[in-house]
Amino acid sequence: MSLTNKLRLPEPIVQAIINDTYTKGDADFSVTELLSPPQLARLRRDHASESVEDASDRIWSLLGQAVHSVIERSATNKDNIMSETTLNTNFNGMKIKGTFDSLTISDLELNDYKVTTVWKLIGGGCPIEWEQQVNIYRWMLEREKGILVKQAAVIAIWRDWSVREATRRTDYPQAQAARVEVPLWDLATTEAFVAARLALHMAAEPQACSDEDIWAKPSKWAIMKKGRASAVRLFEDQAAALDFMGTLGSGHSLEYRPGQATRCESYCPASAYCAQWQNDPRNKGISSVADSLFS
Ligand code: SF4
């Protein structure tokens, strides 16, 4: 992978990105890779030497790593805390590597720290990908260290939290950070889940990414009112939108808002090599923040 610096970010930031010491070593899969869409993981592996990323697209990842470096300090001279601990486990002929953030031994509590957007939590409980990740670490801890975690939580640090939104909305996180309880699976369920993910990744041809994989947002029909910037109401179905508009007075119009493939558009490191995305009508040909600024 090579790194560009189209925004001319200062050298210390670029070097901090380059000096990322993480490596999968001799493992076949990392836990993160196992949870990622099989097509994405395969393309990334096959095109590892040609891939190009811009430093500006790695800033959030850098901030996440900064938080983990700080949390690592918590274990200094504390026998009760295991932090940033790497586990390797052999399962179904494959070596899986995972690094959990912290385990408090007296409580048998596993924690993962995430610097993320508040929108991950609004309208729902623990996101399923957090639940899957933490339960795999729990399964690995039991397999490799004989430690059975009794409770688990993600400590979410909101990178886009707004005090204004917190006072305005009741479904919005009320502080800059939140403890999100992770439902624990029984170990047999986790093992079956890992086996299924391995099978998907080992298939001769990886399956196409699903709507869920690409973080698809559906097309919408917006009822607009003259003199108002935001939509009066949004519909996924054109006929329903037209019916509703018929009940309104004059000065209203219908606006089509095309759907999005958010991951392909902005977050997939393999999008340049992906035939599915190249042939997707939602593809407008912009692949990164830097490209969008320079195009
Ligand atoms: S570009 Fe989209 S469809 Fe292609 S691998 Fe990435 S997420 Fe999947």
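Residues numbered from 1 in each chain as written. Predicted model: local features only at pLDDT ≥ 70, side-chain atom pairs only at ≥ 80, totals over all residues. Heavy atoms only, no water.

A.B. asks: For the overall build of the chain, give the residues involved together with the corresponding values.
C.D. replies: Counting its regular elements, the chain contains eleven helices and 13 strands. Here the C-alpha coordinates of the chain stretch approximately 70 × 45 × 45 Å along the principal axes. Accessible area of the chain: about 16,700 Å², with a carbon and sulfur share of 53%. (Helix = DSSP H or I, 4+ residues; strand = E, 2+ residues; numbered from the N terminus. Areas by Shrake-Rupley, 256 points an atom, 1.4 Å probe, with all protein chains shown as cover.)

A.B. asks: Run through the pattern of salt bridges, naming residues and quoting values.
C.D. replies: Side-chain pairing between opposite charges can occur once the charged atoms of the two side chains come close. Applying the stated criterion across every chain yields a total of 14 salt bridges. Arg143 is paired through a salt bridge with Glu191; the nearest N and O atoms lie 3.6 Å apart. In this pair, Arg143 sits in helix 5 (residues 128-145) while Glu191 sits in helix 7 (residues 187-202), placing the two residues 48 residues apart along the sequence. By relative accessible area, which is 32% here, Arg143 ends up partly exposed. A salt bridge links Arg282 to Asp280, with the shortest nitrogen-to-oxygen separation between them at 2.7 Å. The exposure class of Asp280 is buried, given its relative accessible area of 12%. Bridged by salt links that share partners, the residues Asp20, Glu53 and Arg58 form one connected network. (Salt bridge = Lys/Arg side-chain N within 4 Å of Asp/Glu carboxyl O. Buried < 20%, exposed > 50% of the residue type's maximum accessible area, 1.4 Å probe, protein only.)

A.B. asks: Give me the side chain of Thr85: which residues, what numbers.
C.D. replies: Here Thr85 lies in strand 4 (residues 81-91). Thr85 has contacts with Gly98, Thr99 and Phe100, leaving out every residue within four places of it along the chain. (Contact = heavy atoms within 4.5 Å.)

A.B. asks: Describe the packing of aromatic side chains, listing the residues and the values that go with them.
C.D. replies: Aromatic ring pairs are reported here in terms of the distance separating the ring centres and the angle at which the planes meet. Overall, the coordinates contain five aromatic pairs when judged by the stated rule. When the centroid spacing of 5.6 Å and the interplanar angle of 45° are considered together, the rings of Phe235 and Phe244 count as tilted. Assessed through its relative accessible area of 21%, Phe244 is described here as partly exposed. Directly above the ring of Trp60 sits Arg159, whose terminal nitrogen or CZ lies 4.3 Å from the centroid. Sitting over the face of the ring of Phe244, Arg233 holds its NZ or CZ atom 4.8 Å from the ring centroid. (Phe/Tyr/Trp six-rings, centres within 6.5 Å; stacked < 30°, edge-to-face > 60°. Lys NZ or Arg CZ within 6 Å of the ring centre and 35° of its normal.)

A.B. asks: Now, about the environment of Trp60: what can you tell me, with residues and values included?
C.D. replies: By the secondary structure assignment, Trp60 is in helix 4 (residues 59-72). Trp60 gets classed as partly exposed once you look at its relative accessible area, which sits at 45%. Taking the C-alpha atoms as reference points, Trp60 and Thr116, separated by 56 residues in sequence, lie 8.6 Å from one another.

A.B. asks: Let's hear about the site of the ligand: which residues, and what values?
C.D. replies: Near the ligand the following residues occur: Gln39, Leu40, Cys209, Ile214, Arg263, Cys264, Cys268, Ser271, Cys274, Gln276 and Trp277. Secondary structure elements with two or more residues in the shell around the ligand: helix 3 (38-46), helix 9 (262-267) and helix 10 (275-278). Looking at the shell around the ligand, its residues break down into seven nonpolar, three polar and one charged. (Near = heavy atom within 4 Å. Nonpolar A, V, L, I, M, F, W, Y, C, P; charged D, E, K, R; others polar.)

A.B. asks: An account of the domain arrangement of the chain is needed here, citing residue identities and associated values.
C.D. replies: Domain assignment breaks the chain into domain 1 (2-202) and domain 2 (216-294). Here domain 1 and domain 2 have C-alpha centroids that lie 30 Å from each other. (Domains from an automatic or database assignment.)

A.B. asks: I'd like a description of the sheet that holds strand 12 (residues 252-257), backed by residues and values.
C.D. replies: The three strands lie next to each other as 11-10-12, forming an open sheet whose pairing is antiparallel. The outermost strands of the open sheet, each flanked by one partner alone, are strand 11 (233-235) and strand 12. Ignoring which end each strand starts from, the neighbouring axes of this sheet average 25° apart. Helix 8 (residues 238-246) rests against strand 10 (220-225), strand 11 and strand 12 of the sheet, and its axis sits at about 165° to strand 12. (Pairing = 2+ DSSP bridges. Axes fitted to C-alpha atoms, helices over the stretch in contact; angles between N-to-C directions.)

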